[in-house]
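Each chain, letter by letter, is given below.
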Amino acid sequence: MQRLVRIVAAALALGVVVAYVNPISAADTSAPPVPPKQEAGPAPEPLSMDELKKPMKPLDRVAMAPKGTLKNPYTDNAEAIAEGKKLYFGKSCNGCHGGGGGGGMCPPLTNTVWVYGDDDDTLFRLISLGSDDLKKTGYHRKGTEGVVGPMPPFGELIDEDQQVWKIIAWIRTLFKGGPERRHW
């Protein structure tokens, strides 16, 4: 038990050092997040809900979908939300974000500050790619939290994109902000 306490204390101390060395600015909560700029030309068409419900590997979905086109086909679907909660705990998301999504070693999932943005497309890519690879695709931090650890990539650990969508559907039920901040 003491060893576990030392490991957790060391991880928290490392997080404090990283946050001190690499500070980030607070989010502008008055405007919705904006995905990275697209190449010149017309905006890509969002994928249809039928297309989004065809299962595939999360990394394949990220690779085939232009930025800004992913939309959760399970938003407000009670059955998917219940399954998403089970997946959240089964994939150990609670280890970093807390059992009720209130945070811990990583940011909470309950408030209006989302480090990279709160739209479906960004969250799907963040979960699938992890924060390091997400930044490589042109995304950047929009906000900060008291604890901001790197998000590991789950795209190879989650069997199909439908599971990612269901986890996101459950996460959405934890949101404590007003309806004007609901960008999904």
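Each value, and the rule that gives it
Residues numbered from 1 in each chain as written. Predicted model: local features only at pLDDT ≥ 70, side-chain atom pairs only at ≥ 80, totals over all residues. Heavy atoms only, no water. Axes fitted to C-alpha atoms, helices over the stretch in contact; angles between N-to-C directions. Helix = DSSP H or I, 4+ residues; strand = E, 2+ residues; numbered from the N terminus. Parallel < 35°, antiparallel > 145°, perpendicular 65-115°, else oblique. Contact = heavy atoms within 4.5 Å. Nonpolar A, V, L, I, M, F, W, Y, C, P; charged D, E, K, R; others polar. Expected span 1.5 Å × (residues − 1). Bend = angle between axes of the 7 residues up to and from the residue. Polar contact = N/O pair within 3.5 Å; in protein donor to acceptor, adjacent residues only side chain to side chain. Disulfide = S-S within 2.5 Å. Buried < 20%, exposed > 50% of the residue type's maximum accessible area, 1.4 Å probe, protein only. Core = buried A, V, L, I, M, F, W, Y, C linked by side-chain atoms within 4.5 Å.

Participant: Just give me the short version of the packing of helix H4 (residues 78-90) against helix H7 (residues 161-172), but keep the residues and values in it.
Facilitator: Close contact between H4 and H7 brings their axes to 7 Å; oriented N to C, the two are set at 100 degrees. Taken together, the axes of H4 and H7 are roughly perpendicular relative to one another. Contacts between H4 and H7 pair Ala80, Ile81, Glu83, Gly84, Lys85, Leu87, Tyr88 and Phe89 from the former with Gln163, Lys166, Ile167, Ala169, Trp170 and Ile171 from the latter. For the contact of H4 with H7, the per-class residue count stands at nine nonpolar, two polar and three charged.

Participant: Any chance you could break down helix H6 (residues 120-136) for me, citing the residues and the numbers?
Facilitator: Here H6 spans only 19 Å end to end across 17 residues, well under the 24 Å set by a 1.5 Å rise per residue. The sharpest bend along H6 comes to roughly 115 degrees, located at Gly130. Capping the start of H6, Asp119 holds a side-chain oxygen 3.3 Å from the backbone nitrogen of Asp121, two or three residues further along. Positive phi appears at Gly138, one or two residues downstream of H6, with a value of about 105 degrees.

Participant: Help me get a handle on the state of the cysteines, residues and values and all.
Facilitator: According to the stated counting rule, one finds zero disulfides in the structure shown. No disulfide involves Cys93; its sulfur sits 8.7 Å from the nearest other cysteine sulfur, which is in Cys96. On the accessibility criterion, Cys93 (14% relative accessible area) is buried. Unpaired in terms of disulfides, Cys106 finds its nearest cysteine sulfur in Cys96, a separation of 4.2 Å.

Participant: Explain the environment of Glu83 to me, and be specific about the residues and the numbers.
Facilitator: Within the element layout of this structure, Glu83 appears in helix H4. The spatial distance from the C-alpha of Glu83 to the C-alpha of Gln163 is 8.3 Å, given a sequence separation of 80 residues.

Participant: Describe the nonpolar core, with residues and values.
Facilitator: A general feature of soluble globular proteins is that nonpolar side chains tend to end up buried together. In this structure, Leu70, Tyr88, Phe124, Ile127, Trp165, Ile168 and Ile171 are the most contacted members of the largest nonpolar core, which totals 35 residues. Of all the secondary structure elements, the ones that give two or more residues to this core are H4, H6 and H7. Sort the elements by how many residues they give to this core and H7 lands first, with seven residues. The residues contacting Tyr88, other than those within four sequence positions of it, are Cys93, Asn94, His97, Gly98, Gly99, Gly101, Leu109, Ile167, Trp170 and Ile171.

Participant: Outline unusual backbone geometry, supporting the account with residue identities and numerical values.
Facilitator: Positive phi outside glycine occurs at Asp76, with the angle close to 65 degrees. Its relative accessible area of 58% is what places Asp76 among the exposed residues. Despite not being glycine, Ser92 has its phi angle at roughly 65 degrees, a positive value. Summarising the element assignment, Ser92 is placed in the loop between H4 and helix H5 (94-97). Overall, the relative accessible area of 46% leaves Ser92 in the partly exposed class.

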